[in-house]
Structures are given as C-alpha cells and as structure tokens.
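Spelled out, the chains give:
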Amino acid sequence: MFYQLYEMNHAALQPARALADATRMFYSNPLNPFAHTAWGRSVAAMAELFERTTRRYGKPAFGLHSTTLEDRTVPVSEKIVWSRPFCNVIHFERALPAGRRPDPKLLIVAPMSGHYATLLRGTVEAMLPHADVHITDWVDARMVPVTEGRFDLDDYIDYVIAMLHALGPDTHVMAVCQPSVPVLAAVALMEARGDRFAPASMTLMGGPIDTRSHPTAVNLLAEEKGTEWFRDNVIMPAPWRVPGCGRAVYPGFLQLSGFMSMNLDRHIIAHKDFFMHLVKHDGDGADKHREFYDEYLAVMDLTAEFYLQTVDTVFVRHALPKGEMTHRGVSVEPAAIRNTALLTVEGENDDISGIGQTRAAHDLCVNIPAGKKAHYMQRSVGHYGVFNGSRFRAEIVPRIVDFMASHGRQERAAAKPRLVRSNQA
C-alpha cells in the first residue's frame, strides 16, 4: 500500500501546489509593485520552491533540433525506428550535406535505472556531429499494461540483440552505466553464434562489470542486504489509474530517494542557492537549477523482475566476472568475443561504479586482440562526468570517435575532433 499512499499524498497536495503557483505568478508579475521588492521576490521564491519540490516531473524532451557538421548547422529530427512494449529506439536523423559520406552508426544504450534516456541528452548532443546516433528510450514500467507480460534481464539482452539486428551490420554500441553488463552479455552471445550483426565496437562507460573492484556504497548495500531484502522492501504494485496498474515495480521515487540521500547536503545547498538566486533576480543561476532538477527529478519505474534479477546477477552473485551468468539457460562467455573492439571509460571520482569495475571487461574478453582494446580513465570527474559535461566533450568524445573510426568494418572518412589535452590513465 506504500505506493498508493504516495499517490494519495501527491494528490492531496495538488490544491496547495496550485495556490503556491498562483502566489508565485502574483508576486512575480511586473505590474505588482511588490514584485520589485526583496520581500515580494522572497514570497515568490518560497512559492516556487514549494511547488517544485512537491511536483511530479514528467518525461523531459530531448530538444535537440540541430547540430554542427563541418562548420554548418543542420537540422535534426527524432524518429522512432524500432519499438517494443518496454522500449523504443530513437534515431536522431541529421540533414546531411549532399555528397557527405555517412558517419558510423551508433546505438547508445541508456541506463534503465530510474531516469529517462533524456539524462543522456548531453551525450547524444556531443556525438551528433560525429555519428549517426540512435538511443534506447526505455518506457516507464507503470505505463505498460500487465497484459504485455514480464520484462527481465534476459528480455533486456534480447532487446539489445534485436536492436542491433534492426540497425544492421557495422553498428557501434555504447553502454552507459547499468547496461554495460547486458550489452557485454548480448555481444558475447552474438559472437558465440557467429552473428554477422555483432557490433563493430563496444564502448562501456562507468559500468558495473565487476563490482568487487573498489566497491561503492551502492555495491556494498546490495551485498549486505541481499536480493530477498529488496524483494520484501522496495517492490510494490503500480497504483490504480495508470495503465500498468497491478504490475510489480521498483518505483522510481524510491530510486531517486536513494540517490538524493547519498549527497543530501549538496541537494539542500543547491535548493538554498536556488532560493537566493530568485530573491536576487539572478535568472541565469535559477535557470541552471531548473534545467538540472527538471531532468534529475523526472523518474520512471522498473519492472520488479528486471530490477531483482539485475541486483542478484550483478551486485550480489557477481555472476558475469565469475563465469556464472546465463541467458535463458545458455552460458554467457565473454571469451567468445573476438571481432568486436572494446573501449572502456571510467571516472576517477565515480561513486556509483568504482575504479576498475568497468576495466574488468578486458580481463573477461581475453580473445579480443590487444590492438582492438583500449581503456581510458578520466581524471577529476564523478559518475555523471563520465558521459556528460565539459571534460566529456573535450577529452572523452574524441577518443570514442577515434576508436569507432579505427575499428569500423567499413572505411571511414569522417573528421575527428581535436584532443584538448592528454589525460590517459
């Protein structure tokens, strides 16, 4: 009943939110003399802060309408090119100049860990000038009717394989955080079968391949509690009045609560600073806060079976590095990978996937030739900085683009971005 109580409390606050929003508009109206005083701006700031902290945030839009190709700005349009009940693949179609050779096809597998794929907006934006970008757009589990059936880790792997088949040969795949394990498993299964649609290269970024290496607080919690504890304490039926009513889910608001509690002081300070920005009429500072938290606070539910199987396989049993992971009864053998090139990327200050956890993929993929493997550790960034931010754009993206160009199965002539400075681990 906890989820239902959460929904009831949210509904009960709706009149208060409406009043707060009306108060904000009244004391922000330039025709109101109080709007030009510190007192009036303080009232408006308090009203906005209350409304924002009690709001349910919907799925954000990518909003990427253009990119730059060879010093030209070209339009970008979103198109769904593959669809299943629990995921769509979005293609960011660029209007390429006439005669320009095609760029590498890239499938970005976004994490299915509580946030929407738009969390990787910066990742997509940075890759658009260099690749034909596609991204997995996972569906909020509470919005999928029970009649569509289950979705677990095995289904996730099947989805990745089906996506690669749909995109065709010579596709590159990039897994950000959580999908590193199922993507590695999917590629291993494809290579073991001699699948010609196995990707040309695989980039794993900040992923929990082996959480026994420098375990973080997230890893230790999973090991300490065990799978049954999570089954008993965080799995709930989706509430009524949503399409997936009755589906067993891991609610996104619980995942968000866990993430925020890890850095609670930082979030409290950020909201205090937001209040002061509003009082001082600092529009830029307030807009940056809104932009970040509109994304960060938008969360989605996961199916219970996917969440529990992931916790058990990745964090409790460490099945992949121990050689015990299976997919529908078939052993997952990373040693079967021989043709797909492997690039791993880690962040020096990552508090979600510790140093060495992603690099462990190299120890498992023993039959990939040395010339087709590379590792990069980005200094001075945390988990988010592995796939977003200025250092990602300046130092990580050029390495990914160069790696794809070097290991594509067709000759490439795309321009490569300039490396700003070397920071090779």
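Residues numbered from 1 in each chain as written. Predicted model: local features only at pLDDT ≥ 70, side-chain atom pairs only at ≥ 80, totals over all residues. Heavy atoms only, no water.

Asks: Help me understand the overall build of the chain in this model?
Replies: Helix and strand content of the chain: 14 helices and 14 strands. At 23 Å, the chain has a C-alpha radius of gyration in line with the 22 Å of a compact globule built from 425 residues. Viewed in the frame of its principal axes, the chain has a C-alpha envelope of about 70 × 55 × 40 Å. Residue burial in the chain is summarised as follows: out of 425 residues, 54% are buried. For the chain, the proportion of contacts with a sequence separation of at least 24, taken over those separated by at least 6, is 77%. Summed over all atoms, the accessible surface of the chain reaches about 19000 Å², with 55% contributed by carbon and sulfur. The average position of the 45 basic charges and that of the 47 acidic charges among the side chains of the chain differ by 3 Å. (Helix = DSSP H or I, 4+ residues; strand = E, 2+ residues; numbered from the N terminus. Rg over C-alpha atoms; globule rule 2.2 N^0.38 Å. Buried < 20%, exposed > 50% of the residue type's maximum accessible area, 1.4 Å probe, protein only. Contact = heavy atoms within 4.5 Å. Areas by Shrake-Rupley, 256 points an atom, 1.4 Å probe, with all protein chains shown as cover. Lys, Arg positive; Asp, Glu negative; His and termini not counted. Charge placed at Lys NZ, Arg CZ, Asp CG, Glu CD.)

Asks: Just to check I follow, could you spell out the packing of helix 5 (residues 153-167) against helix 12 (residues 304-316) for this structure?
Replies: Geometrically, a packed helix pair is captured by the angle between its two axes and the distance between the axes. Axis separation between helix 5 and helix 12 bottoms out at 8 Å; the angle between their running directions is 95°. The orientation of helix 5 with respect to helix 12, classified from their angle, is roughly perpendicular. Together, Leu153, Asp154 and Tyr156 of helix 5 and Phe306, Gln309, Thr310 and Thr313 of helix 12 make up the contact between the two elements. (Axes fitted to C-alpha atoms, helices over the stretch in contact; angles between N-to-C directions. Parallel < 35°, antiparallel > 145°, perpendicular 65-115°, else oblique.)

Asks: Sorry if this is basic, but what is going on with the state of the cysteines here?
Replies: One pass over the structure, following the stated rule, counts zero disulfides. Counting only cysteine sulfurs, Cys177 is the nearest neighbor of Cys365, a cysteine outside any disulfide, at a range of 18 Å. (Disulfide = S-S within 2.5 Å.)

Asks: Can you walk me through the nonpolar core in this structure?
Replies: Proteins that are soluble and globular tend to have nonpolar side chains buried together. Counting residues in each nonpolar core, the largest one holds 103 residues, and the members touching the most others are Phe92, Ile135, Trp138 and Met205. With residues near it in sequence (within four places) discarded, Phe92 still touches Phe62, Leu64, Val76, Ser77, Glu78, Val124, Leu128, Asp132, Val133 and Ile135. Among the nonpolar cores identified, the runner-up in size contains seven residues, and Tyr3, Ala141, Val249 and Phe253 belong to it. (Core = buried A, V, L, I, M, F, W, Y, C linked by side-chain atoms within 4.5 Å.)

Asks: Is there a simple way to explain the environment of Phe26 in this structure?
Replies: Mapped onto the elements, Phe26 comes out in helix 2 (residues 14-28). The sequence separation of Phe26 and His289 amounts to 263 residues, and the corresponding C-alpha distance is 22 Å.

Asks: For this particular structure, what's the right way to read the sheet that holds strand 9 (residues 248-250)?
Replies: Consider a sheet: its strands pair through backbone hydrogen bonds, and that pairing is either parallel or antiparallel. A sheet is described by the order of its strands in space; here three strands give the open sequence 8-9-10, paired in antiparallel fashion. Edge positions in the open sheet fall to strand 8 (236-237) and strand 10 (302-303), since each of these has one partner strand only. Sheet analysis places strand 8 next to strand 9, joined by two bridges and oriented antiparallel. Bridged to Met236 within strand 9 is Val249. (Pairing = 2+ DSSP bridges.)

Asks: Explanation requested: the sheet that holds strand 6 (residues 171-176) in the structure shown.
Replies: As summarised here, the arrangement of the nine strands in space is 1-2-3-5-4-6-7-13-14, forming an open sheet in which the pairing is mixed. Both outer strands of the open sheet, strand 1 (66-69) and strand 14 (373-378), are each paired with one neighbouring strand and no more. Sheet twist, expressed as the mean angle between neighbouring strand axes with direction ignored, is 25°. Running over the sheet, helix 6 (residues 180-192) touches strand 4 (105-109), strand 6 and strand 7 (201-205) and is turned about 160° from strand 7. Across the sheet, helix 14 (residues 390-407) is in contact with strand 4, strand 6, strand 7, strand 13 (341-347) and strand 14; its angle to strand 14 comes to roughly 180°.

Asks: What is the right way to look at the side chain of Thr211 in this model?
Replies: Residue placement: Thr211 occurs in the loop between strand 7 and helix 7 (217-225). With relative accessibility at 1%, the residue Thr211 sits in the buried group. Among the polar contacts listed, one links the side chain of Thr211 to the side chain of His318, at a separation of 3.1 Å. Ignoring any residue separated from it by four or fewer positions in sequence, one finds Thr211 in contact with Asn219, Val314, Phe315, His318 and Gln357. (Polar contact = N/O pair within 3.5 Å; in protein donor to acceptor, adjacent residues only side chain to side chain.)

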